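An overview of the molecular structure
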Number of protein chains: 2
Amino acid sequence: MNPAAFLGTLALALAAAKVLGQAFDRVKLPPILGQILAGILLASVGGFPAEVLRGEAFTALSDLGLVFLLLLTGTESSLKEIRRAGGPSTLVALGGVAVPFALGVAAARWLGFGLPQALATGALFTPTSIGITAVTLLEAGRIRTRVGATLVGAAILDDVLALCLLAVVLGTGSPHAVLGKATVYFVLAGLFAWKILPPLYRQFRRIHLPEAPLTFVLIVTLGLAALAETVGLAGITGAFVAGLAVRERMGEEKLLDRVHAVAYGVFIPLFFVHLGSSLDLGGLGGLGRVG
Amino acid sequence: MNPAAFLGTLALALAAAKVLGQAFDRVKLPPILGQILAGILLASVGGFPAEVLRGEAFTALSDLGLVFLLLLTGTESSLKEIRRAGGPSTLVALGGVAVPFALGVAAARWLGFGLPQALATGALFTPTSIGITAVTLLEAGRIRTRVGATLVGAAILDDVLALCLLAVVLGTGSPHAVLGKATVYFVLAGLFAWKILPPLYRQFRRIHLPEAPLTFVLIVTLGLAALAETVGLAGITGAFVAGLAVRERMGEEKLLDRVHAVAYGVFIPLFFVHLGSSLDLGGLGGLGRVG
């Protein structure tokens, strides 16, 4: 890759994200939309920025941006509220799987598909993005409320339930295996966060190299995200769990402030720009002409 | 790329870098060597970490680590001392080009090469790595001294002189063009840093999005690095110039502290690990058998 093009595109992406984000904020629109628009514009001018935005390196930075976004969301969430909202969360999660599934099946049948295809279509509608749920609540300042905790808990459960349903309907695996792996993951992640994390952090703090505590947070986050991906869950679920653990078990304000700097100063704007750059507006235009 | 492998390798790389860096520090060895050893070990275990370490995404993160290292070095350097040391720096730079060039030519002639090949060999010995110079001085705590400033100034000049020499000897371009482009770059970068940066920063500070000042530093750094690459200089020279400008023209301690967090918490350890992972120790072994 051409280093000048890569470095230049990063500079352009960060500048466009902050400037357009601010412009949207000033006219009372969500700054996120301005940052996504920055990506759409950069991708549509073509040339080297469009090429870099599509590349593996920029995509990796953007993926890390999403991981940081969920890490921050976790640090802003209240585990106590999420636990307390267990009952309502379960109901919301069941509803959030059952309703889209039923509507998807019905719509596919109505369009003339056979039952197996209709069941598969329904299953594909079921996963709830914990990313969208958590970020919307975070930006609206509602993540620590009762309602916020209920929705976040529901999104996590929903992810697991949807995976089970997909396993049954698409035959991609046994639902028991999915449920078993997810359960083992959450139990181990919980044990790790509550029993192993605090003493491990005390050991790690004795490292005198610069920024060792901040690096420790990243190691925990990336590790839990990688394990989540390994058992079939979304990596960002792991990042969210890491955020909860960091807040509850090692939540020094100064450390959280440094996580915030890395997340919002570097990676998160790149995620939104990349999101915008990967929207296929040409496809939307085609849809308009067809409809 | 497999997300679990990528996230897991990042976690392993950061953990190994900090733990081995600390271990080296404890036995009075430079922590940098421990971090490089972490890379050697991770690459030699093979499997997914070795593959990710060689990949485009990890390489890009490592390149950004080097950019951050030079940015920090710039913020720690004293422009006043570098200017004051102009005379000695020029002498050191001329010596640093002339001596390796003469020795390289002589050695190549002695080994039986013709004059054109010998001149080319000599020219290849001339560039001084501003990266190694600056980082060594930074780690030794000597970057702000008279000697440190002289060496840093010499390394920058040396880079330009070596490019001119390479242009003449290898016929890769006109030395006037090289000198002209380098001069234009430094004049424009200086004008930008002194005249445009402060008012631009005042405008940017009015952006209320999180971490806008930190992002501004990154935009300036990546932009100056990209421009340096475009005119044929090393991108890290641009990052160093950005560091000087940030320190002199917008050097709030709180902002510099956040740059430090991003640099040492995330990117710089990845640079050293990547450096270690790309060492070809097999090649060294072969050399031993030949010699």
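1. Considering the packing of helix α6 (residues 86–110) of chain A against helix α9 (residues 146–170) of chain A
All names here are of chain A.
- Axis separation between α6 and α9 bottoms out at 7 Å; the angle between their running directions is 45°. Comparing the axis directions of α6 and α9 gives the class oblique. When the axes of α6 and α9 are compared, the crossing they make is right-handed. Between α6, through Pro-88, Ser-89, Thr-90, Val-92, Ala-93, Leu-94, Gly-96, Val-97 and Phe-101, and α9, the contact on the second element is made entirely by Ala-149, Thr-150, Leu-151, Gly-153, Ala-154, Leu-157, Asp-158, Leu-161, Ala-162, Leu-165 and Val-169.
- The residue makeup of the contact of α6 with α9, split by class, is 14 nonpolar, five polar and one charged.

2. Digging into a nonpolar patch on the surface
Residues and elements named next belong to chain A.
- A contiguous nonpolar patch, built from Val-184, Val-187, Leu-188 and Leu-191 and spanning about 350 Å² of accessible area, is present on the exposed surface.
- Along the chain, the position of Val-187 falls in helix α10 (residues 175–204).
- Given the relative accessible area of 47%, Val-187 is considered partly exposed.

3. Observations concerning the pattern of salt bridges
- According to the stated counting rule, one finds 12 salt bridges over all chains in the structure shown.
- Its salt-bridge partner being Arg-258 of chain B, residue Asp-257 of chain A comes within 2.9 Å of it at the nearest N-O pair. Here the residue Asp-257 of chain A occupies a position in helix α13 (residues 253–277), and Arg-258 of chain B occupies one in helix α13 (residues 253–277), the pair thus bridging two chains.
- Residues joined in a network through salt bridges with shared partners are Glu-81, Arg-84 and Arg-146 of chain A.

4. Regarding the relation of the copies chain A and chain B
- Once chain A is rotated about the relating axis by 180° and shifted along it by 0.0 Å, it coincides with chain B to within an RMSD of 0.0 Å. Taken together, the rotation angle and the small translation identify this as a two-fold axis. Considering only C-alpha atoms, the residue of chain A closest to the rotation axis is Ala-57 of chain A, which sits at 2.1 Å.
- Residue by residue, 100% of the interface of chain A is reproduced at the interface of chain B, so both copies engage with the same surface.

5. Points about helix α12 (residues 235–250) of chain B
- The terminal C-alpha atoms of α12 of chain B, which comprises 16 residues, lie 22 Å apart, in line with the 22 Å expected from a rise of 1.5 Å per residue.
- With 13 of 16 residues buried, α12 of chain B is to be regarded as a mostly interior element.

6. Topic: the interface of chain A and chain B
- On the chain B side, the residues contacting the 50 residues of chain A number 50 residues.
- Both sides together, the interface formed by chain A and chain B hides about 4,200 Å², and carbon and sulfur atoms give 76% of it.
- Looking at the side of chain A facing chain B, the largest losses of area belong to Leu-7, Lys-18 and Leu-209 of chain A, adding up to 15% of the total buried there.
- At the junction of chain A and chain B, the tally comes to two salt bridges.
- Put simply, chain A and chain B have 13 residue pairs in polar contact (both at pLDDT 80 or more) between them.
- Elements with a contribution of two residues or more to the side of chain A that touches chain B: α1 (3–26), α2 (31–44), α4 (56–76), α11 (212–230) and α13 of chain A.

7. Overview of the domain arrangement of chain A
- Once the domains are mapped, chain A shows domain 1 (1–65 + 267–291), domain 2 (85–173) and domain 3 (174–251).
- Put simply, the middle of domain 1 of chain A and the middle of domain 3 of chain A, counted by C-alpha atoms, are 30 Å apart.

8. A look at the side chain of Thr-237 of chain B
- Considering the arrangement of structural elements, one finds Thr-237 of chain B in helix α12.
- Once you skip the residues sitting within four places of it in the chain, Thr-237 of chain B turns out to touch Ile-130, Ile-156, Asp-159 and Phe-186 of chain B.

9. Structural notes on the packing of aromatic side chains
- For the structure shown, the criterion picks out 11 aromatic pairs over all chains.
- Summarising the aromatic geometry, the rings of Phe-271 of chain A and Phe-272 of chain A are spaced 5.2 Å apart at their centres and angled 55° between planes, so their arrangement reads as tilted.
- Using a relative accessible area of 13% as the deciding quantity, one classes Phe-271 of chain A as buried.
- Here Phe-272 of chain A falls in the buried class, since its relative accessible area comes to 6%.
- Each member of the aromatic cluster is reached from another via a ring pair, and the members are Phe-68 and Phe-267 of chain A together with Phe-68 and Phe-267 of chain B.

10. Structural notes on unusual backbone geometry
Residue and element names in this part refer to chain A.
- Notably, Lys-28 is not glycine yet its phi reads approximately 65°, a positive angle.
- Among the structural elements, Lys-28 can be located in the loop between α1 and α2.
- Judged by its relative accessible area of 76%, Lys-28 is exposed.
- A positive phi angle is found at Glu-211, which is not glycine, with a value near 65°.
- Mapped onto the fold, Glu-211 is located in the loop between α10 and α11.

11. Let's talk about α9 of chain A
- Over its 25 residues, α9 of chain A runs 35 Å from end to end, which matches the ideal 36 Å to within 8%, given 1.5 Å per residue.
- Where α9 of chain A ends, the next residue or the one after it, Gly-171 of chain A, has phi of about 65°, a positive value.

12. A closer look at the nonpolar core
- Counting 168 residues, the largest nonpolar core has Phe-6 and Phe-267 of chain A together with Phe-6 and Phe-267 of chain B as the members making the most contacts within it.
- Counting residues in hydrophobic clusters, the runner-up holds eight residues, among them Val-105, Ala-118, Ala-123 and Leu-165 of chain A.

Definitions and limits used
- Residues numbered from 1 in each chain as written.
- Chains lettered and ligands numbered in written order.
- Predicted model: local features only at pLDDT ≥ 70, side-chain atom pairs only at ≥ 80, totals over all residues.
- Heavy atoms only, no water.
- Axes fitted to C-alpha atoms, helices over the stretch in contact; angles between N-to-C directions.
- Helix = DSSP H or I, 4+ residues; strand = E, 2+ residues; numbered from the N terminus.
- Parallel < 35°, antiparallel > 145°, perpendicular 65-115°, else oblique.
- Left-handed = near helix turned anticlockwise from the far one by under 90°.
- Contact = heavy atoms within 4.5 Å.
- Nonpolar A, V, L, I, M, F, W, Y, C, P; charged D, E, K, R; others polar.
- Patch = residues over 30% accessible without salt bridge, like charges linked within 9 Å, V, L, I, M, F, W, Y side chains within 5 Å.
- Areas by Shrake-Rupley, 256 points an atom, 1.4 Å probe, with all protein chains shown as cover.
- Salt bridge = Lys/Arg side-chain N within 4 Å of Asp/Glu carboxyl O.
- Buried < 20%, exposed > 50% of the residue type's maximum accessible area, 1.4 Å probe, protein only.
- Least-squares fit on C-alpha atoms with pLDDT ≥ 70 in both.
- Expected span 1.5 Å × (residues − 1).
- Buried area = accessible area lost by both parts, 1.4 Å probe.
- Polar contact = N/O pair within 3.5 Å; in protein donor to acceptor, adjacent residues only side chain to side chain.
- Domains from an automatic or database assignment.
- Phe/Tyr/Trp six-rings, centres within 6.5 Å; stacked < 30°, edge-to-face > 60°.
- Core = buried A, V, L, I, M, F, W, Y, C linked by side-chain atoms within 4.5 Å.

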